[in-house]
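Summary of the model geometry
Single-letter residue listing:
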Amino acid sequence: MKNFRTIFYYEWKKIWMSRITLVAFVVLFAFSLLQGVMEVRGNYPDGSIELFQEIDGRTLDDDLLKELHAAADEYGTFWNETNYIYMELCDFVRECVGYGTKISDHDAANVYEMRLDNIDAAKVMSSLSTEEVSYWDAQEESLAKPFVWRNIVVEKELLNSLANVMIMLALFLPLALAGVFASEHSLKTYNILRATKHGRLVVYGAKVLAGSLTALVSFVAFAGGTILTSALYWHLDALDAAVQLAFPFTSLHMSVGTLIGIMVVLLFTATLLFAAFSMFFSQVMRHSLAVMGACIGGYFVMFAIATTIPTSARGLSQALSLFPATFVSPRLVYEYRMIPAFGHLLLGYQFAPALYLVVAAFLLVLGGALYRGKRG
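Cut-offs and rules
Every chain is numbered on its own, with residues counted from 1 as its sequence reads. In keeping with the model being predicted, local features are shown solely for residues with a pLDDT of at least 70 and side-chain atom pairs are shown and tallied solely at 80 or more, while totals for entire chains, interfaces and linings include all residues. With hydrogens and water set aside, each side-chain value is computed from the structure's full complement of heavy atoms. Helix and strand assignments come from DSSP, with helices taken as H or I runs of at least 4 residues and strands as E runs of at least 2, each series counted from the N terminus. Buried means the residue's accessible area, taken with a 1.4 Å probe over protein chains only, is under 20% of the maximum for its type, while exposed means over 50%, and partly exposed covers the values in between. A helix is expected to reach a length of 1.5 Å times the quantity of its residues less one. The arc refers to the directions leading from the helix axis to the C-beta atoms. Polar contact is the term for a pair of N or O atoms within 3.5 Å; when the atoms are in protein, one must be able to donate a hydrogen and the other to accept it, and sequence-neighboring residues count only if both atoms are side-chain atoms. In this analysis, two residues are considered to be in contact whenever any of their non-hydrogen atoms come within 4.5 Å of each other. For this analysis, a nonpolar core means a set of buried residues of the types Ala, Val, Leu, Ile, Met, Phe, Trp, Tyr and Cys, connected via side-chain atoms within 4.5 Å. Salt bridges are defined as contacts in which a side-chain nitrogen from Lys or Arg sits within 4 Å of a carboxyl oxygen from Asp or Glu. Here an angle of 0 to 180 degrees is reported between the N-to-C directions of two axes, which are lines fitted to C-alpha atoms, with helices fitted over the stretch in contact. Here roughly perpendicular refers to angles of 65 to 115 degrees, roughly parallel to angles under 35, roughly antiparallel to angles over 145, and oblique to all remaining angles. Under the scheme applied, nonpolar residues are Ala, Val, Leu, Ile, Met, Phe, Trp, Tyr, Cys and Pro; charged residues are Asp, Glu, Lys and Arg; polar residues are all the others, including Gly.

The subject of this paragraph is unusual backbone geometry. A cis amide bond, omega -5°, links Lys-145 with the succeeding residue Pro-146. Here Pro-146 lies in the loop between helix H7 (130-142) and helix H8 (153-177). Positive phi values are uncommon outside glycine, yet Phe-342 reaches one of about 55°. When you line up the elements, Phe-342 lands in the loop between strand S1 (339-341) and strand S2 (344-346). Of the residues examined, Phe-342 reaches a relative accessible area of 77% and is grouped as exposed.

Moving on to H7. The end-to-end C-alpha distance of H7 is 19 Å, a good match for the 18 Å that 13 residues give at a rise of 1.5 Å each. Buried within H7 we find Glu-132, Trp-136, Gln-139 and Glu-140. Buried residues along H7 cover an arc of 100° about the axis, so they all sit on one side. The outward face of H7, more than 90 degrees from its buried face, is lined by the exposed residues Thr-130, Glu-131 and Glu-141.

As a further point, take the side chain of Thr-214. Checked against the element boundaries, Thr-214 lands in helix H11 (residues 199-234). For Thr-214, a relative accessible area of 0% gives the class buried. Reaching out from Thr-214, the side chain makes a polar contact with the side chain of Trp-16 at a distance of 3.3 Å. For Thr-214, the contacting residues outside a window of four places in its chain are Trp-12, Ile-15, Trp-16, Phe-172, Ala-176 and Leu-177.

Leu-68, Leu-89, Val-93, Phe-172, Phe-222 and Leu-332 are the most contacted members of the largest nonpolar core, which has 110 residues in total. Counting residues per element, this core draws most heavily on H8, which supplies 15 residues.

Before going further, it helps to spend a moment on the pattern of salt bridges. Considering all chains together, one arrives at 14 salt bridges under this definition. Of the charged contacts, one joins Glu-140 and Lys-145 as a salt bridge, the two residues approaching to 2.4 Å between their closest N and O atoms. Each of Glu-11, Lys-14 and Lys-207 takes part in salt bridges that share partners, so that together they form one network.

Attention shifts here to the environment of Val-256. When you line up the elements, Val-256 lands in helix H12 (residues 256-285). Each C-alpha atom of the pair Val-256 and Ala-361 lies 31 Å from the other, and the pair is 105 residues apart in sequence. With residues near it in sequence (within four places) discarded, Val-256 still touches Ile-152, Glu-155, Leu-159, Ala-238, Leu-239, Ala-241, Ala-242 and Val-243.

Helix packing geometry: the angle between the two helix axes and the distance between the axes. Contact pair H8 / H12: the axes reach a minimum separation of 9 Å and the direction vectors enclose 10°. Here H12 runs roughly parallel to H8, going by the angle between their axes. When its residues are assigned to classes, the contact of H8 with H12 shows 21 nonpolar, three polar and one charged.

In structure tokens form, the structure reads like this:
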């Protein structure tokens, strides 16, 4: 055990004494603290939140829409201090009925009807099975209507910030972990390390533990910093609001707070997956720059491919959509395609965390086998 601790501390210090790791961590941590505040402040003028809250708790019905029609211009594009209260509500209406149409032409019944038309179109594009359609129809029926309006600007921007955290982790982890195994070759230390009492298994375990804890520290710092500053500065007062207020074309019976929780779980498991990929490539490629290029470049290449494949190619499109670059986003609520597993149909956000953990475990086990069998 003492031997293991010694190697672990050595690997931990090796990771965190790297200048590129320290600089990247400090910059990204500072950004995570700032974005919790600036995502809202940068998009909305001072006093906006208080104005939006003046219609909190109102039923989204004809009475509220008449007030909107009276306050806004006919296309809902001109806003000032006299009508700013209704801007977020107008965005919801315009998304349902279509941008570029006169909002005054639509009453509440028409808004809800056109929302359902968009949902039905999404189902058709997703090539859903009969069982999937039945599931979503039941979800839609379970929603409480008419919706109760809430100001969810802060919560919506927090969700966007958490999507940014996914990119931050995808950039940081390859930088930090590229040398976990590759440095053995650049520093010529692999023979010394493997000559320890319990040999390669202890060395491999200590390296993986150091790398995994580094990944967890970065997750807590980046995601935690973002959530904490947002909660302390803006307050998260609408966590119980229906997710439809942020994403009208989902039928999920879910609150905005639940969606934030799902994003955190996905980020956590994706962090472990990225750490496993970074350490596996570090072992296989043996060169830190090659590892960084493969991991960071691969992330954006996979994103480009996943967003290019048409949904009509359901199998390939759905598989690629589960990649963290595309899936760890608040727009996951628009994924209608389900996954048959264990005798049930699972939603993407229910299946993805388990998938990430299984793939991460597979890479670490495979890496261990390769490490034990490798000769210098």
